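Chain by chain, the residues:
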Amino acid sequence: MSEGVLRPTRVALVGNPNTGKTALFNALTGSRQKVANYAGVTVERKEGTLTTPAGRTLSVLDLPGTYSLRARSPDEAVTRDAVLGRLAGEHEPDVVLAVADATNLRLVLRLILELRAVGRPMVLALNMYDIAQRQGLRIDLDGLSRELGCPIVTTVATRKRGIDDLTAKVDELLAAGALAGANTWREPTAAEIRGAHREAQRILKTYVRPPERPDTVTGKVDAVLLHPVAGLAILLGLLFLMFQAVFTWAGPPADAIEAGVGWLGAQAANLLPDGLLESLIVDGLFAGVGSVLVFLPQILVLFLFIILLEDFGYMARAAFLMDRIMGGAGLHGRAFIPLLSSFACAIPGIMSARVIDQKRDRMTTILVAPLMTCSARIPVYTLIIAAFIPDRTVGPGLNLQGLVMFGLYAAGIASALAVSFVIRKVFWRGAVEPFLMELPTYKLPSAENVLRNLLQRAQIFLSRAGRIILPLMVLVWVLSTFPAPPAGAIGPAIDYSFAGMIGHAIQPLFAPIGFNWQMVVALIPGFAAREVAVAALGTVYAIGDAEANVGALGARLAESWSLATGLSFLAWYIFAPQCVATLGVVKRETNSWGWMGVMFLYMVTLAYLASFLVYHTAVALGAG
Amino acid sequence: MHDMAAEARGGADAVLAGSVSLSTVQPGDRGVIVEVRADQSGGHGVDESELERRLLEFGFVEGARVELLHQGLIKGDPIAVRVDDMRVALRRRDAQHVWVRIERPEDAAR
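Owing to the predicted nature of the structure, the values given are computational and were not obtained by experimental measurement.

1. Here's the deal with the overall build of chain B
- A tally of helices and strands in chain B yields five helices and six strands.
- Beginning at the N terminus, the succession of helices and strands in chain B can be written as α-α-β-β-α-β-β-β-α-β-α.
- A burial count over chain B gives 55% of its 110 residues as buried.
- In chain B, the share of contacts with a sequence separation of at least 24, taken over all contacts with a separation of at least 6, comes to 64%.

2. A short note on the overall build of chain A
- Looking only at helices and strands, chain A features 27 helices and twelve strands.
- A compact globule built from 624 residues would reach a C-alpha radius of gyration of about 25 Å, and chain A, at 28 Å, matches this within 12%.
- Counting the 624 residues in chain A, one finds 55% classified as buried.
- Considering only intrachain contacts with a sequence separation of at least 6, the fraction spanning at least 24 residues in chain A is 72%.
- Surface accessibility of chain A: about 25,700 Å² in total, with carbon and sulfur atoms responsible for 64%.
- The distance from the centre of the 52 positive side-chain charges to the centre of the 46 negative ones in chain A is 8 Å.

3. Some words on the nonpolar core
Residue and element names in this part refer to chain A.
- In this structure, L537 and F569 are the most contacted members of the largest nonpolar core, which totals 117 residues.
- Not counting residues up to four positions away in its chain, the partners in contact with L537 are L383, M519, A522, L553, L557, W561 and F569.
- V14, A132, L144 and A200 belong to the second-largest nonpolar core, a separate cluster that totals 42 residues.

4. With respect to the interface of chain B and chain A
- At the junction of the two partners, chain B supplies 40 residues and chain A supplies 41 residues.
- With both sides pooled, the region where chain B packs onto chain A buries about 3,800 Å², and carbon together with sulfur makes up 58% of that total.
- Linking chain B with chain A are ten salt bridges, by the criterion used here.
- Where E57 of chain B meets R70 of chain A, a salt bridge forms, and the shortest distance between an N and an O atom there is 2.6 Å.
- There are 15 residue pairs in polar contact (both at pLDDT 80 or more) connecting chain B and chain A.
- For the side of chain B that touches chain A, the secondary structure elements donating two or more residues are helix 1 (2-9), helix 3 (48-57), strand 3 (65-71), strand 4 (79-83), strand 5 (86-90) and helix 4 (92-95) of chain B.
- Considering each element in turn, the side of chain B that touches chain A owes the most residues, eight residues, to helix 3 of chain B.
- Partitioning the side of chain B that touches chain A into residue classes produces 17 nonpolar, eight polar and 15 charged.
- The sheet contact formed by strand 12 (residues 436-438) of chain A and strand 5 of chain B spans three bridges and is antiparallel. When the bridges of strand 5 of chain B are listed, M437 of chain A appears paired with A89 of chain B.

5. So, the domain arrangement of chain A
- Domain boundaries assigned for chain A yield domain 1 (3-209) and domain 2 (469-623).
- If you average the C-alpha positions of domain 1 of chain A and of domain 2 of chain A, the two centres end up 53 Å apart.

6. Looking at the pattern of salt bridges
- Inspection of every chain in the model, using the stated rule, returns 36 salt bridges over all chains.
- Of the charged contacts, one joins R86 of chain A and D81 of chain A as a salt bridge, the two residues approaching to 3.9 Å between their closest N and O atoms.
- Assessed through its relative accessible area of 52%, R86 of chain A is described here as exposed.
- R65 of chain B serves as the salt-bridge partner of E103 of chain B, at 3.2 Å between the closest nitrogen and oxygen. Of this pair, E103 of chain B sits in the loop between strand 6 (98-102) and helix 5 (105-109) while R65 of chain B sits in strand 3, and the two are 38 residues apart along the sequence.
- For E103 of chain B, a relative accessible area of 34% puts it in the partly exposed group.
- For R65 of chain B, a relative accessible area of 42% corresponds to the partly exposed category.
- Through salt bridges with shared partners, one network takes in R70 and E187 of chain A together with E50, R53, R54 and E57 of chain B.

7. Digging into the sheet that holds strand 2 (residues 33-37) of chain A
Residues and elements named next belong to chain A.
- Taken in spatial order, the seven strands of this open sheet run 2-3-4-1-5-6-8, and their pairing is mixed. Each having just a single partner strand, strand 2 and strand 8 (152-154) make up the two edges of the open sheet. Mean inter-strand twist for the sheet, computed between neighbouring axes without regard to direction, equals 25 degrees.

8. Overview of unusual backbone geometry
- Residue P78 of chain B is reached from D77 of chain B by a cis peptide bond, and omega for that bond is -10 degrees.
- One non-glycine residue, M128 of chain A, lies in positive phi territory at about 55 degrees.
- The topology assignment puts M128 of chain A in the loop between strand 6 (122-127) and helix 5 (129-134).
- The backbone phi angle of N591 of chain A is positive, close to 55 degrees, even though this residue is not glycine.
- With respect to the secondary-structure elements, N591 of chain A resides in the loop between helix 26 (580-590) and helix 27 (593-623).
- For N591 of chain A, a relative accessible area of 35% corresponds to the partly exposed category.

9. Digging into the pairing of strand 6 of chain B
Residues and elements named next belong to chain B.
- Side chains V98, V100 and I102 of strand 6 all project onto a buried face; the interleaved residues W99 and R101 project onto a face where none is buried.
- Sheet analysis places strand 1 (residues 20-21) next to strand 6, joined by two bridges and oriented antiparallel. By the bridge assignment for strand 6, V20 is matched with V100.
- Strand direction decides the pairing type here: strand 2 (residues 30-36) and strand 6, joined by five bridges, are antiparallel. Within strand 6, the residue paired with I33 across the bridge is V100.

10. Brief notes about helix 14 (residues 314-327) of chain A
All names here are of chain A.
- For helix 14, built from 14 residues, the straight-helix expectation of 20 Å at 1.5 Å per residue is met to within 8% by its first-to-last C-alpha distance of 19 Å.
- The sharpest bend along helix 14 measures roughly 40 degrees and falls at L321.
- Of all 14 residues in helix 14, eleven are buried; the element is thus mostly enclosed.
- Turning to helix 14, its buried residues are Y314, M315, A316, R317, A318, A319, F320, L321, M322, D323 and M326.

Thresholds, definitions, all that
- Residues numbered from 1 in each chain as written.
- Chains lettered and ligands numbered in written order.
- Predicted model: local features only at pLDDT ≥ 70, side-chain atom pairs only at ≥ 80, totals over all residues.
- Heavy atoms only, no water.
- Helix = DSSP H or I, 4+ residues; strand = E, 2+ residues; numbered from the N terminus.
- Buried < 20%, exposed > 50% of the residue type's maximum accessible area, 1.4 Å probe, protein only.
- Contact = heavy atoms within 4.5 Å.
- Rg over C-alpha atoms; globule rule 2.2 N^0.38 Å.
- Areas by Shrake-Rupley, 256 points an atom, 1.4 Å probe, with all protein chains shown as cover.
- Lys, Arg positive; Asp, Glu negative; His and termini not counted.
- Charge placed at Lys NZ, Arg CZ, Asp CG, Glu CD.
- Core = buried A, V, L, I, M, F, W, Y, C linked by side-chain atoms within 4.5 Å.
- Buried area = accessible area lost by both parts, 1.4 Å probe.
- Salt bridge = Lys/Arg side-chain N within 4 Å of Asp/Glu carboxyl O.
- Polar contact = N/O pair within 3.5 Å; in protein donor to acceptor, adjacent residues only side chain to side chain.
- Nonpolar A, V, L, I, M, F, W, Y, C, P; charged D, E, K, R; others polar.
- Pairing = 2+ DSSP bridges.
- Domains from an automatic or database assignment.
- Axes fitted to C-alpha atoms, helices over the stretch in contact; angles between N-to-C directions.
- Expected span 1.5 Å × (residues − 1).
- Bend = angle between axes of the 7 residues up to and from the residue.

Right, dumping it as structure tokens:
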């Protein structure tokens, strides 16, 4: 009993997708929100608090949107379990706040009938009520409220209308001592769903008069955006714009962050005495923090696009247009955004795989995303191509170097499609999930909601991905720094470090693919990020400031590597998981070291096989 | 409508005789759902009763009015369907379990 006084009243927001549930959550709780994950699953848990007019503290949980308490995806399972009070570490809600799009009541009425069976006190928020009024839709609120046995409040979440009414109704409900009834919910059979539809249909007929001016905009816009040819052309144009934006808009701030962190590192280096501590702070911590922050602009730009497209209602259309095209390789229609963004960087790409709700489809997408050629591979490709591929024309407008670069990109795409095909056909055979998706009406996104959502993305990346990436970066630093070279040593310092030792020790493994020990040693710091391999090669070949002096390094490589070795190195970089940040994000997004391990192993295996094939083919052709 | 559905489930092919599967419908076609029954194996990742329930939950229920709005470029797949007052996208392979009595303008004219 006393528990009720001590703890805040728990309110759970439940509703169909696209009903403005999150906008309502934002309007209710403002900035008093916490985003975390539910224990043991990768589903996002959004909780916020507010104080009601009567002075009660409410703790509001924004549950994933669903059409039924019968869960079809991990997100929906969370909604079901939270409502039923079955979720580990969560209490059952004191009040269920059902959220409905006032212009689209049919399906949500059926969900409300299910929620009623759960027996929790309930309030229904008819959201987007302004649109309903504009359409001339008439709802008998009193009648509907009597019929459903719960208070009804009309809201316009994006304009914060009806929010006080809503909290006042929750107060009233609690003050009246509304208690939870018996929970009689169980998974409905098909016949019961049909029955509930009939019931919902009857309720609709009795209390809702259809709109006098139904929405015609969505139909007209769809005639263009879903047109088989024009629609695809517009989608490709949008994707091109997005890809460009991730590259160009994110470039300057990323450079500024890099320069800023570098400058801070230099200041720290001046303050600190030379030695290990300085190296740890400058080369380990500052470089580590920098390597996390540098991804932030790309993530923000990409998610800005994704959130806008989602809020407009376009994302479902894009998935519709791409489904068949992606489906040939066993990928979901929604996988195109993550895969496209992976051309800039696999990290935002993997994070955006959240738009796919089926677990298997999402895993497949995450697993193949790093095969898309990310921008960090470009410096490595440029270096090796400049060193080994002659700069000559092989046809009208065809430059051999450009052709090789194109080939590397094409190899990445082809292998991503092939791997996802194999995953679907071999490992998850026959498990094609039904593809059913509501195409919501188009709506103008609200700036505040977009911004809040974007900031949450940034916070999630920094606080949680950073927590994994940073220690891994420090580990790479430790490996390349310790032990220090003995006094009077002549070779590069890295040669004496653990990285050097590991490199020498495992070099025999790499001999069959034509790698010398310098390359293997450079691969280890290269795990920090792909482009670091350029600097690392510079270090082992003792070329000062290799990134600024690519020409000298290239010339050096050209004289010490055979062509076969150079090509083998390129093949390695198409596939190898040479990026701890990506691995860290995979661990974070799949909530599993196992999936991270699977990705690491399959990519290393592919890289080795590809390099082996390329090296021996080249040797056989006389390029050894 | 619902009596018809009950009859159809009872195996009265007379009801289905005038109906076609939603998976064969062309853009512009409209009609009424007479039967939702996922009973043959279609190689779905979920069992048939599950697919049937998902279709029902998205509003594909006997008596609902449907209109095929758009279709994809390759083999006309997937399809965008208006179901009563909402729009749903689905693949034709999942739509094959929804049976529709088509009302064509030329039928009315005849």
